[in-house]
Amino acid sequence: MTRFRPCIDLHDGKVKQIVGGSLSDDASRLRTNFESDQPAAYFADRYRSDGLEGGHVIKLGPGNDAAACAALGAYPGGLQLGGGVTADNAADWLAAGASQVIVTSWLFDASGRFLANRLARLVAEIGRERLVIDLSCRARDGGWIVAMNRWQTPTELALTPETLRDLASSCAEFLIHAADVEGKCEGIDAALVTFLGAHATIPVTYAGGARDFADLAEVERLSGGRVDLTIGSALDLFGGKQVSYADCVAWNRR
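On a predicted model such as this, the values are computed, not experimentally measured, just so you know.

A. Here's a closer look at the overall build of the protein chain. When helices and strands are tallied, the protein chain shows eight helices and 14 strands. In terms of overall size, the protein chain behaves like a compact globule, its C-alpha atoms giving a radius of gyration of 17 Å where 254 residues would be expected to give roughly 18 Å. For the protein chain, the spread of C-alpha atoms along the principal axes amounts to about 40 × 40 × 40 Å. Per-residue burial over the protein chain gives 56% buried out of 254 residues. For the protein chain, contacts bridging at least 24 residues in sequence account for 65% of all contacts bridging at least 6. Counting every atom, the protein chain has about 10400 Å² of accessible surface; 47% of that belongs to carbon and sulfur. Here the protein chain contributes 25 positively and 32 negatively charged side chains, and the mean placements of these two sets differ by 1 Å.

Structure, rendered in structure tokens:
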């Protein structure tokens, strides 16, 4: 059964919803849909009170450690933590209260080549059950290519059935943002959701483009209930007008 997975996206220490493709070192390109007056811990505590599991805190760049720690402290063991995770700090984030850590860019070198030895080191450090691999991607040539560095840099790793199969033995879950539609509220990447439902053998969360409460049912239909959905900018909790947070909580209680 497809579940709603909550999120807390942090940028400059604030809870924000950002158009994913606009994230870069050039601040003038940044497009922000929402910035909350509430701290990260407020959202974490609300997710805890509402019994929502499997959500994630993502640090989008520097200056977010304190807010991330506060969120994890408000819901210990209830949220995954991603953003700047390496083998050197993964255990520290778990000790701070993360249920699992999420890793992407550290698994690649500067040119985008996948480093299997780094993945093996991370698994040896914390165990596969505490690791989520982020395979967020951009569309290319009729398929998808994994992107790193805030989704700005394409890697050499294509998102294929073989990639999902090979990496599944080294992690507990996949997190996959469709970076081309992230934050735009213009609709999910239906082809990507269908692909993930057909080929992922471990739990997977899809994020990107959700614009309506009906998208939960659509993801469930397209994936056969094997893919969960994160809703960000469209959610009324983050200033959106299209999706009710209360309806999403109710969906998970079916």
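B. Seen up close, the packing of helix α6 (residues 190–199) against helix α7 (residues 214–223). Their axes nearest at 8 Å, the elements α6 and α7 cross at an angle of 50°. Judged by the angle between their axes, α6 and α7 are oblique. Between α6 and α7 lies a crossing whose hand is right-handed. Packed against α6, whose contacting residues are A190, V193, T194 and G197, the element α7 presents V219, L222 and S223 at the interface.

C. Main features of helix α5 (residues 161–168). All buried positions along α5 are accounted for by T163, L164, L167 and A168. Here the buried residues of α5 occupy an arc of 125° about the axis, which is enough to place them on one side.

D. Quick look at the pairing of strand β6 (residues 79–82). Both faces of β6 are covered, namely the face carrying L79 and L81 and the face carrying Q80 and G82. Relative to strand β7 (residues 101–103), β6 runs parallel, the two sharing two bridges. Paired with L81 across the strands is V101, a residue of β7. As a crossover connection, the stretch from β6 through helix α3 (residues 90–95) into β7 is right-handed.

E. A look at the nonpolar core. Core analysis: the largest hydrophobic core is formed by 75 residues, its most contacted members being I8 and F174. Beyond its immediate chain neighbours, meaning those up to four positions away, I8 contacts V15, A40, F43, A44, Y47, H56, V57, I58, A71 and L79. The next biggest cluster of nonpolar side chains, apart from the first, holds six residues, and it includes I18, I58, L60 and I102.

F. Broad picture of the side chain of T230. Note that T230 resides in strand β14 (residues 227–230). Among the polar contacts made by the side chain of T230, one reaches the main-chain carbonyl oxygen of R5 at a distance of 3.2 Å. Ignoring anything within four residues of it in the chain, the contact list for T230 reads R5, C7, H56, T205, Y206, A207, G208 and A210.

G. Highlighting the sheet that holds strand β10 (residues 143–148). Strands sit in the order β9-β10-β11 across an open sheet of three strands; the sheet is antiparallel. Among the strands making up the open sheet, the edge pair consists of β9 (137–140) and β11 (153–158). The sheet shows a mean angle of 45° between the axes of neighbouring strands, taken without regard to direction.

H. Region of the structure containing the pattern of salt bridges. Throughout the structure, instances matching the rule amount to 13 salt bridges. Between E35 and K14 there is a salt bridge, with its nearest N and O atoms 3.3 Å apart. Of this pair, E35 sits in strand β4 (residues 32–35) while K14 sits in strand β3 (residues 14–18), placing them 21 residues apart in sequence. For K14, a relative accessible area of 39% translates into the label partly exposed. Residue R165 is joined to D166 by a salt bridge in which the shortest nitrogen-to-oxygen separation is 3.7 Å. Here the salt bridges share partners, and the residues they tie into one network are R3, R5, E173 and D228.

I. Geometry of empty space enclosed by the protein. Under the counting rule described, the total for this entry stands at two cavities of 30 Å³ or more. Its volume calculated, the largest cavity comes out at about 120 Å³. Q17, E182, I231, G232 and S233 are, among the 18 residues lining the largest cavity, the residues nearest its centre. Counted as a void, the second largest cavity has a volume near 70 Å³. Looking at the lining of the second largest cavity, the element that brings in the most residues is β3, giving three residues.

Scoring rules and cut-offs
Residues numbered from 1 in each chain as written. Predicted model: local features only at pLDDT ≥ 70, side-chain atom pairs only at ≥ 80, totals over all residues. Heavy atoms only, no water. Helix = DSSP H or I, 4+ residues; strand = E, 2+ residues; numbered from the N terminus. Rg over C-alpha atoms; globule rule 2.2 N^0.38 Å. Buried < 20%, exposed > 50% of the residue type's maximum accessible area, 1.4 Å probe, protein only. Contact = heavy atoms within 4.5 Å. Areas by Shrake-Rupley, 256 points an atom, 1.4 Å probe, with all protein chains shown as cover. Lys, Arg positive; Asp, Glu negative; His and termini not counted. Charge placed at Lys NZ, Arg CZ, Asp CG, Glu CD. Axes fitted to C-alpha atoms, helices over the stretch in contact; angles between N-to-C directions. Parallel < 35°, antiparallel > 145°, perpendicular 65-115°, else oblique. Left-handed = near helix turned anticlockwise from the far one by under 90°. Arc of directions from axis to C-beta. Pairing = 2+ DSSP bridges. Right-handed = clockwise from strand over helix to strand, strands pointing away. Core = buried A, V, L, I, M, F, W, Y, C linked by side-chain atoms within 4.5 Å. Polar contact = N/O pair within 3.5 Å; in protein donor to acceptor, adjacent residues only side chain to side chain. Salt bridge = Lys/Arg side-chain N within 4 Å of Asp/Glu carboxyl O. 1 Å grid on protein atoms, 1.4 Å probe; cavity = no way out; pocket = protein on both sides within 12 Å on 5 of 7 lines; lining within 4 Å. Points joined across faces, edges and corners; volume = space filled by probe spheres on them.

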